[in-house]
Amino acid sequence: MASKTTTEEGDVRLFVRAGERAVLLSHDEYRRARAEGRGVEDYDVLMRRPDDEPGAGELSEAARWISVPAAKYLKHRAIGWREAESADELPADWRELAAERESFPVEAPSEEGAE
């Protein structure tokens with residue numbers, strides 16, 4: 001389970017295990033880390049392997065999700081890796097953490113059909 005570490009700024013960074021790098025769970029978290037000016041060198045991003053990767057059919061759903069260095073995030077996206085678009089896509093052991101951190105933006109209800 002994840003452990004919490006509080007930084008000097010009062011910012012809570014969540015780690016998979018003590019001593020590991022902070023893991024960003026969504027594109028929104030990645031953007032926030034960059035916007036805060038902290039850079040992304042100290043982060044990993046949880047990304048899903050491409051389905052057509054050799055041997056991917058033999059992996060469990062949870063094994064298809066890998067933490068990659070955030071500095072290489074765009075490179076991984078370019079070769080077919082992707083981040084989760086919602087907490088429901090994540091393996092079960094990451095969903096609770098995503099909910100605690102509000103990793104995914106809450107979308108406003110659609111106004112279609114409303115009069």
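Let us look at the structure shown here. (Residues numbered from 1 in each chain as written. Predicted model: local features only at pLDDT ≥ 70, side-chain atom pairs only at ≥ 80, totals over all residues. Heavy atoms only, no water.)

Quick look at the overall build of the protein now. Helix and strand counts for the protein stand at 3 helices and 5 strands. Listed by position from the N terminus, the elements making up the protein come as β-β-β-α-β-β-α-α. Per-residue burial over the protein gives 33% buried out of 115 residues. Sequence-distant contacts in the protein: of pairs separated by 6 or more residues, those separated by 24 or more amount to 44%. (Helix = DSSP H or I, 4+ residues; strand = E, 2+ residues; numbered from the N terminus. Buried < 20%, exposed > 50% of the residue type's maximum accessible area, 1.4 Å probe, protein only. Contact = heavy atoms within 4.5 Å.)

With that out of the way, let us pick up the packing of aromatic side chains. Scanning all chains against the criterion turns up 1 aromatic pair. Relative to Y73, the ring of Y30 lies with its centre 4.2 Å away and its plane at 35 degrees, an arrangement referred to as tilted. Remark: Y73 occurs in helix α2 (residues 73–78) and Y30 occurs in helix α1 (residues 27–35); sequence separation between them is 43 residues. Of the two residues examined, Y30 and Y73, each falls in the buried class. (Phe/Tyr/Trp six-rings, centres within 6.5 Å; stacked < 30°, edge-to-face > 60°.)

Moving on: the environment of A63. Structurally, A63 can be placed in the loop between β4 (43–48) and β5 (65–69). As a C-alpha pair, A63 and R49 span 14 residues in sequence and 8.8 Å in three-dimensional space.

Glancing now at the environment of R21. You can see R21 is positioned in the loop between β2 (12–15) and β3 (22–24). By relative accessible area, R21 is classed as partly exposed at 35%. In this structure the C-alpha to C-alpha distance between R21 and S67, which are 46 residues apart in sequence, comes to 9.5 Å.

Moving on, we get to the pairing of β4. Where burial is concerned, most of β4 is hidden: 6 out of the 6 residues are buried. The alternating pattern of β4 places Y43, V45 and M47 and D44, L46 and R48 on opposite faces, both of which are buried.

Here we come to α1. Among all positions of α1, only D28, E29, Y30 and A33 are buried. Against β3, β4, α2 and α3 (92–101) lie the buried residues of α1. Of the residues trailing α1, G37 is marked for its positive phi of about 75 degrees.

This brings us to the nonpolar core. By size, the foremost hydrophobic cluster in this structure holds 12 residues: A22, L24, Y30, A33, V40, Y43, V45, M47, V68, A70, Y73 and W81. Listed by contribution, the elements that provide at least two residues to this core are β3, α1 and β4. If one sorts the elements of this core by residue count, β4 sits on top with 3 residues. Not counting residues up to four positions away in its chain, the partners in contact with Y30 are L24, V40, V45, A70, Y73 and L74. The next biggest cluster of nonpolar side chains, apart from the first, holds 10 residues, and it includes V23, W65, A84 and L90. (Core = buried A, V, L, I, M, F, W, Y, C linked by side-chain atoms within 4.5 Å.)

Turning our attention to α3. Here α3 has its buried residues at W94, L97, A98 and R101. Looking straight down α3, one finds its buried side chains confined to an arc of 105 degrees; they lie on one side. Looking at α3, the residues exposed on the side facing more than 90 degrees away from the buried face are A92 and A99. Taken from the residues just after α3, E102 is the one with a positive phi, measuring 50 degrees. (Arc of directions from axis to C-beta.)

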